[in-house]
Amino acid sequence: MNAFSRRGACPALSAPMQTGDGRLVRLNPVAGGLSPKSLIGLGESALRHGNGIMEVTARGSLQIRGLTPGSARLLAAEVDALGIAVRTGVPVETGPLAGLDPEEVADPRPLAEQIRAAIDDSGLAQRLGPKVSVIVDGGGRLKMDAVTADVRLAAMRTDAGTQWQVAVAGDGQTATLLVMVDEDAARNIAVAILRMVAEKGREAHARDLTERQLRSLASWHLFAPPSGRTEGGAVERLPVPASFPIGVFDLTDGIALGIGLPFGSIPAQKLIELTQRAFTLGATEIRLAPGRALVFIGLSPTACRSLQQTAATLGFVTDAADPRTRIAACPGAPACASGWIATRDIAETIAAENRDILDSSLTLHISGCAKGCAHPGPAALTLVGGENGAGLVVDGTAKALPAGYRPGYDAARGVDRVAAAIRRTRFRGETAAACLTRLGAAGVGELYRQE
């Protein structure tokens, strides 16, 4: 296994990563979106050279699965022939409606390009690890709050005009806020943060910066930060509202339609059919969106309704309240050789039977094995496959010790029992996650094991 195929590396087009169902490549178009013809071409390449499964990740990247070393090279050649330029180096990401959203505080793309150029000019890409990333969020309907990053820049309206909040190490809620500055200073501070991370080695992230380093960055501010300082010089963390990329969104010129992939995955043939329909309806561009979705641009209101109907028929997610949006599930068995359980079948069953329990407070993770590829962080409930069947982890990751086991084919019934207990015992206004906490891991594990 080479340096690029290990877990934790980024499976770029030129360096596919070995997974349980073959090699995987991840694509991020330089232009930010794809033409319908380009996406159709990618789908056809996935059918020819992979196992026919395409994905959009939680960060909004496109993945093609089931490749071999030889077919991955053929895929790369076809991507080049399609004229699709893909990003390499340190990801500097903007929102899926960047430059199009009338509610946007500022178009983040110029600042993002400045940061990319500064990274290239300074040679930082070769010194930073493959998972180091930057978010430049212009605000608006589809913020980047749910995406974690080493450096976060968020546009804010102030009395002095548009300023940029600079934060490190986290998502929109957990990142440590440092300063509020103008665009030029934001670019310089972002590059300074990356230099500090690079000095600590290729395994380092912004979370490894010292309090002294954070204080030195915070002292760079030109405007007062948005809340009181902590002892380390950083700003208190602020909660932020979530945004979801499914539905109809007004643009500065026209509208956009967000459509989700169930559990982030879809057969390439279905994606081709949806994109062909979008093309005939007038779609001009398709952008990848964090939250495992696609945003179709250039449609009329009537075309949006028609494309939604087509998407629903094909099995895509067309409603932000769809319970499948609360479930992260890897390919599992039999698609992945590492999978012990049929994750997607289990997920579909649970979603169909427990819509009322899968509210915005609760994330369910279903993992074919303990690697936890689909959701590396903790979830309220995690089903994980192994030699003992399907284990249930409460408020943890797929690597944690399960509170109980039952056969993989019967895992959905075990979750049904937990869901039934939530319905019986939760208080008025109490979220499903809060009720789980009150029931406790031992109690939830016992419910799951019951026959």
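Remember, predicted model here, so these are calculated numbers, not experimental data.

A.B. asks: Which residues make up the packing of aromatic side chains, and what values go with them?
C.D. replies: Under the defined criterion, the tally for this structure stands at 0 aromatic pairs. A cation over an aromatic ring shows up here: Arg-406 above the ring of Tyr-448, its NZ or CZ 5.8 Å from the ring centre. Here the guanidinium or amino end of Arg-438 rests over the ring plane of Phe-427, the centre of that ring lying 4.1 Å away.

A.B. asks: Go over the packing of helix H9 (residues 411–425) against helix H10 (residues 432–439) with me, naming the residues and quoting the values.
C.D. replies: The angle between the axes and the distance between the axes are what describe a pair of packed helices. The contact between H9 and H10 brings their axes to 10 Å, and the two run at 95 degrees. Of the possible angle classes, the one that applies to H9 and H10 is roughly perpendicular. Within the contact between the two elements, H9 uses Val-418, Ile-422 and Thr-425 and H10 uses Ala-432, Cys-435, Leu-436, Arg-438 and Leu-439. Grouping the constituent residues of the contact of H9 with H10 by class yields 6 nonpolar, 1 polar and 1 charged.

A.B. asks: I'd like to hear about the sheet that holds strand S3 (residues 33–34), residue by residue, with values.
C.D. replies: Sheet architecture is open: 5 strands sit in the order S3-S14-S15-S12-S11, paired in antiparallel fashion. Since the sheet does not close on itself, it has two edges, and those belong to S3 and strand S11 (247–250), each with one partner. Of the pairings in the sheet, the one linking strand S14 (residues 285–289) to strand S15 (residues 293–299) comprises 5 bridges and is antiparallel in character. Residue pairing for S15: Ile-286 is matched across the bridge by Phe-296. Of the strands in this sheet, strand S12 (255–260), S14 and S15 touch helix H6 (residues 268–280), which is tilted by about 20 degrees from S15.

A.B. asks: Break down the sheet that holds strand S16 (residues 327–329) for me, with residues and values.
C.D. replies: Here we have 5 strands laid out as an open sheet, ordered S16-S17-S18-S19-S20, and mixed in their pairing. Pairing within the sheet leaves two strands with one partner each, and these edge strands are S16 and strand S20 (404–406). The mean inter-strand angle of the sheet, taken between neighbouring strand axes irrespective of direction, is 20 degrees. Pairing of strand S18 (residues 379–386) with strand S19 (residues 389–396), which is carried by 7 bridges, proceeds in the antiparallel orientation. Each residue of the ladder has a partner; that of Leu-381, found in S19, is Val-394. Helix H11 (residues 441–449) rests against S18, S19 and S20 of the sheet, and its axis sits at about 10 degrees to S20.

A.B. asks: Explain the pattern of salt bridges residue by residue, including any values.
C.D. replies: With the rule as written, the count across this model stands at 21 salt bridges. Between Asp-319 and Arg-355 there is a salt bridge whose closest N-O contact spans 3.6 Å. Of this pair, Asp-319 sits in the loop between helix H7 (301–314) and S16 while Arg-355 sits in the loop between helix H8 (343–353) and strand S17 (364–367); the two residues are 36 residues apart in sequence, bridging distant segments of the chain. Take Asp-319: its relative accessible area is 37%, and that puts it in the partly exposed class.

A.B. asks: Just give me the short version of unusual backbone geometry, but keep the residues and values in it.
C.D. replies: Here Ala-333 and Pro-334 are connected by a cis peptide whose omega angle stands at 0 degrees. Note on placement: Pro-334 falls in the loop between S16 and H8. In this structure, Arg-292 takes a positive phi of about 65 degrees despite not being glycine. Note on placement: Arg-292 falls in the loop between S14 and S15. In this structure Arg-292 comes out as partly exposed when scored by relative accessible area, which is 21%.

A.B. asks: Could you give an account of empty space enclosed by the protein, naming the residues involved and the relevant values?
C.D. replies: Considering all chains together, one arrives at 2 cavities of 30 Å³ or more under this definition. Taken together, Ile-350, Asn-354, Ile-357, Leu-358, Leu-362, Leu-364, Leu-381, Val-415, Val-418, Ala-419 and Ile-422 make up the full set of residues lining the largest cavity. Per element, the largest residue contribution to the lining of the largest cavity is 4 residues, and it comes from H9. Per-class residue counts for the lining of the largest cavity are 10 nonpolar, 1 polar and no charged.

A.B. asks: Mind laying out the pairing of S19, listing which residues take part and the relevant values?
C.D. replies: Counting buried positions along S19 yields 7 of 8 residues, so the element is predominantly enclosed. Connecting S18 to the antiparallel partner S19 that follows it, the hairpin turn spans 2 residues. Pairing analysis gives 3 bridges linking S19 to S20, with the strands arranged antiparallel. From the neighbouring strand, Leu-392 faces S20, where its bridge partner is Gly-404.

A.B. asks: I'd love a proper account of helix H4 (residues 183–199), names of residues and values included.
C.D. replies: Under the 1.5 Å per step criterion, the end-to-end length of H4 is 25 Å for 17 residues, consistent within 8% with the ideal 24 Å. Within H4, the full set of buried residues consists of Ala-185, Ala-186, Ile-189, Ala-190, Val-191, Ala-192, Ile-193, Leu-194, Met-196, Val-197 and Ala-198. Where H4 begins, one side-chain oxygen reaches toward the backbone nitrogen of Asp-184, 3.4 Å away; that side chain belongs to Asp-182.

Reading guide: rules and limits
- Residues numbered from 1 in each chain as written.
- Predicted model: local features only at pLDDT ≥ 70, side-chain atom pairs only at ≥ 80, totals over all residues.
- Heavy atoms only, no water.
- Phe/Tyr/Trp six-rings, centres within 6.5 Å; stacked < 30°, edge-to-face > 60°.
- Lys NZ or Arg CZ within 6 Å of the ring centre and 35° of its normal.
- Axes fitted to C-alpha atoms, helices over the stretch in contact; angles between N-to-C directions.
- Helix = DSSP H or I, 4+ residues; strand = E, 2+ residues; numbered from the N terminus.
- Parallel < 35°, antiparallel > 145°, perpendicular 65-115°, else oblique.
- Contact = heavy atoms within 4.5 Å.
- Nonpolar A, V, L, I, M, F, W, Y, C, P; charged D, E, K, R; others polar.
- Pairing = 2+ DSSP bridges.
- Salt bridge = Lys/Arg side-chain N within 4 Å of Asp/Glu carboxyl O.
- Buried < 20%, exposed > 50% of the residue type's maximum accessible area, 1.4 Å probe, protein only.
- 1 Å grid on protein atoms, 1.4 Å probe; cavity = no way out; pocket = protein on both sides within 12 Å on 5 of 7 lines; lining within 4 Å.
- Points joined across faces, edges and corners; volume = space filled by probe spheres on them.
- Expected span 1.5 Å × (residues − 1).
- Polar contact = N/O pair within 3.5 Å; in protein donor to acceptor, adjacent residues only side chain to side chain.

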